[in-house]
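Below, each chain spelled out in residue letters.
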Amino acid sequence: MIDTAKEFVLQRICIFASQNFDPNSDTQVVGLLKSKFNIRLPQRRSINESLSSSVSDHEIIALILKYRSMTES
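All values derive from a computational prediction rather than experimental measurement.

### Regarding the overall build of the protein
- Within the protein, the secondary structure is distributed over four helices and zero strands.
- Secondary structure elements of the protein occur, N-terminal to C-terminal, as α-α-α-α.
- Expressed as lengths along the three principal axes of its C-alpha atoms, the size of the protein is roughly 35 × 25 × 20 Å.
- Expressed as a percentage of contacts within the protein between residues at least 6 apart in sequence, the contacts between residues at least 24 apart total 40%.
- When the accessible area of the protein is evaluated, it comes to approximately 4700 Å², of which 50% is carbon and sulfur surface.
- The centroid of the 9 positive side-chain charges in the protein is displaced by 6 Å from the centroid of its 8 negative side-chain charges.

### Re the nonpolar core
- Of all hydrophobic cores here, the largest spans 20 residues; its most connected members are Ile13, Phe21, Leu33, Leu51, Ile60, Ile61 and Ile64.
- For this core, the secondary structure elements donating two or more residues are helix 1 (2–17), helix 2 (26–37), helix 3 (47–53) and helix 4 (59–72).
- Sorting elements by how many residues they give to this core places helix 4 first, with seven residues.
- Setting aside residues no more than four positions away along its own chain, Ile60 makes contact with Ile13, Phe16, Ala17, Leu32, Leu33 and Phe37.

### Brief notes about the pattern of salt bridges
- Going through the model one piece at a time under the given rule, you end up with three salt bridges.
- Arg12 is paired through a salt bridge with Glu59; the nearest N and O atoms lie 2.6 Å apart. Linking Arg12 in helix 1 with Glu59 in helix 4, this pair joins segments that are 47 residues apart in sequence.
- By relative accessible area, which is 29% here, Arg12 ends up partly exposed.
- Take Glu59: its relative accessible area is 41%, and that puts it in the partly exposed class.
- Note that Asp26 and Arg68 form a salt bridge whose closest N and O atoms lie 2.6 Å from each other. Pair noted here: Asp26 is in helix 2 and Arg68 is in helix 4, with a separation of 42 residues, a long-range link.
- We classify Arg68 as buried; its relative accessible area is 7%.

### Concerning the environment of Leu32
- Mapping Leu32 onto the fold places it in helix 2.
- Residue classification places Leu32 among the buried positions, given a relative accessible area of 5%.
- Distance in space between the C-alpha atoms of Leu32 and Ala17 is 7.5 Å, their sequence separation being 15 residues.
- Excluding residues within four positions of it along the chain, Leu32 makes contact with Ala17, Gln19, Phe21, Phe37 and Ile60.

What counts and how
- Residues numbered from 1 in each chain as written.
- Predicted model: local features only at pLDDT ≥ 70, side-chain atom pairs only at ≥ 80, totals over all residues.
- Heavy atoms only, no water.
- Helix = DSSP H or I, 4+ residues; strand = E, 2+ residues; numbered from the N terminus.
- Contact = heavy atoms within 4.5 Å.
- Areas by Shrake-Rupley, 256 points an atom, 1.4 Å probe, with all protein chains shown as cover.
- Lys, Arg positive; Asp, Glu negative; His and termini not counted.
- Charge placed at Lys NZ, Arg CZ, Asp CG, Glu CD.
- Core = buried A, V, L, I, M, F, W, Y, C linked by side-chain atoms within 4.5 Å.
- Buried < 20%, exposed > 50% of the residue type's maximum accessible area, 1.4 Å probe, protein only.
- Salt bridge = Lys/Arg side-chain N within 4 Å of Asp/Glu carboxyl O.

If you want it as structure tokens, here you go:
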């Protein structure tokens, strides 16, 4: 069940991004947000903190955080 939900979130992320990429890759996430959505994350101790502080900027950020939290468990 969790894998199905995780795959669904990943599909939604890739639809928003119009490309496949790894939401767990900090480099890919930062690059995609900057190039595709013109979102520059603020400097924080971790990428997840940066994403959390920018979560209202675009729905894809919330989806990436959700995906990352599903991966951790």
